Amino acid sequence: MTPQVTRKAAHVITEEHVRDLLRPRDDEPVLVVVSGRARVIPASDLDTGDFRGALEVASAKDLERRIGTGSPSDQDITTLAGVLNTTVAELGA
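Each chain carries its own residue numbering, running from 1 in the direction its sequence is written. Owing to the predicted nature of the model, reporting of local features is limited to residues with pLDDT of at least 70; listing and counting of side-chain atom pairs is limited to 80 or more, with chain, interface and lining totals taken over all residues. Side-chain numbers come from the whole structure's heavy atoms, not from hydrogens or water.

1. Considering the environment of valine 12
No. 1: Only DSSP runs of H or I with at least four residues qualify as helices, and only runs of E with at least two residues qualify as strands; both kinds are numbered from the N terminus onward. By the secondary structure assignment, valine 12 is in the segment before α1 (15-22).
No. 2: Relative accessibility thresholds used throughout: buried, under 20% of the residue-type maximum; exposed, over 50%; partly exposed, between the two (1.4 Å probe, protein chains only). Here valine 12 falls in the buried class, since its relative accessible area comes to 16%.
No. 3: Placed 76 residues apart in sequence, valine 12 and valine 88 show a C-alpha to C-alpha distance of 8.2 Å.

2. A word on the sheet that holds strand β1 (residues 29-34)
No. 1: By this definition, two strands are paired if DSSP reports at least two bridges between them. Pairing is antiparallel in the open sheet, where three strands are placed in the order β2-β1-β3. Taken across any chain shown, the strands that pair with only one partner, and hence form the sheet edges, are β2 (37-42) and β3 (55-59). The average angle at which neighbouring strand axes cross in this sheet is 30°, direction not considered.
No. 2: When β1 meets β2, the two strands line up antiparallel, connected through six bridges. Bridging across to β2, leucine 31 finds its partner in valine 40.
No. 3: Running at roughly 10° to β2, α1 makes contact with β1, β2 and β3 of the sheet.
No. 4: Contacts are residue-level and defined by heavy atoms, with any inter-residue pair within 4.5 Å sufficient. Note on method: axes are straight lines fitted to C-alpha atoms, helices fitted across the in-contact stretch only, with angles between N-to-C directions ranging 0 to 180 degrees. Sitting on the sheet, helix α2 (residues 60-67) touches β1 and β3, and the angle it makes with β3 is about 45°.

3. Examining the packing of α1 against α2
The relative placement of two packed helices is expressed as an angle between their axes plus a distance between the axes.
No. 1: In contact at an axis separation of 9 Å, α1 and α2 are set at 95° when each is read in the N-to-C sense. As summarised for this structure, α1 and α2 are arranged roughly perpendicular, according to the angle between their axes. Of α2, the residues touching α1 (which contributes Val18, Leu21 and Leu22) are Ala60, Leu63, Glu64 and Ile67.
No. 2: Just so you know the grouping, Ala, Val, Leu, Ile, Met, Phe, Trp, Tyr, Cys and Pro go in nonpolar, Asp, Glu, Lys and Arg go in charged, and all remaining residues, Gly too, go in polar. Partitioned by chemical class, the residues of the contact of α1 with α2 number six nonpolar, no polar and one charged. What sets the label is the angle itself: under 35 degrees gives roughly parallel, over 145 gives roughly antiparallel, 65 to 115 gives roughly perpendicular, and the rest give oblique.

4. A word on the confidence of the model for the protein chain
No. 1: Of the residues in the protein chain, 87% have a pLDDT of 70 or more, and the chain-wide mean is 85.
No. 2: Throughout residues 1-9 the model reports pLDDT below 50, and contacts reaching past four residues in sequence, or to other chains, amount to one contact. The predictor reports its confidence for every residue as pLDDT, a score running from 0 up to 100.

5. What to know about the side chain of histidine 17
No. 1: Here histidine 17 is to be found in helix α1.
No. 2: Judged by its relative accessible area of 17%, histidine 17 falls in the buried class.
No. 3: One polar contact links the side chain of histidine 17 to the main-chain amide nitrogen of threonine 14, over a distance of 2.9 Å.
No. 4: With residues near it in sequence (within four places) discarded, histidine 17 still touches Val12, Leu31, Ala38, Arg39 and Val40. Whenever two N or O atoms come within 3.5 Å, that pair is a polar contact, provided that in protein one can donate a hydrogen and the other can accept it, and provided that, for residues adjacent in sequence, both atoms are side-chain atoms.

6. Regarding the nonpolar core
No. 1: Remark: nonpolar core denotes a set of buried residues (Ala, Val, Leu, Ile, Met, Phe, Trp, Tyr, Cys) joined through side-chain atoms within 4.5 Å. By size, the foremost hydrophobic cluster in this structure holds 18 residues, and its most contacted members are Ile13, Val18, Leu21, Leu31, Val57, Leu63 and Leu84.
No. 2: Looking at this core, the elements with two or more residues in it are α1, β1, β2, β3, α2 and α3 (74-91).
No. 3: When sequence neighbours within four positions are dropped, the list of residues in contact with isoleucine 13 reads Val18, Leu31, Ala38, Val57, Ala81, Leu84, Asn85 and Val88.

Now the structure itself:
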């Protein structure tokens, strides 16, 4: 009998990505995964060559709706990163 191997999903999205997404900015940031790497970019860059076809995971507005407008705790940030990683893993990115 062959032993079963369990693969742990890579954590592509870090707490720093979540913090960067929630940082006040004027460029409507979005969190994307492209070539297996997470990036926070301005929404206007979604249609540019480097990011065309990237998986859009969440926008700053999406996260603000989830947590409200207050300042999130470190635990909130960690939880959000985990939820976003699960979403990415389920989508197969």
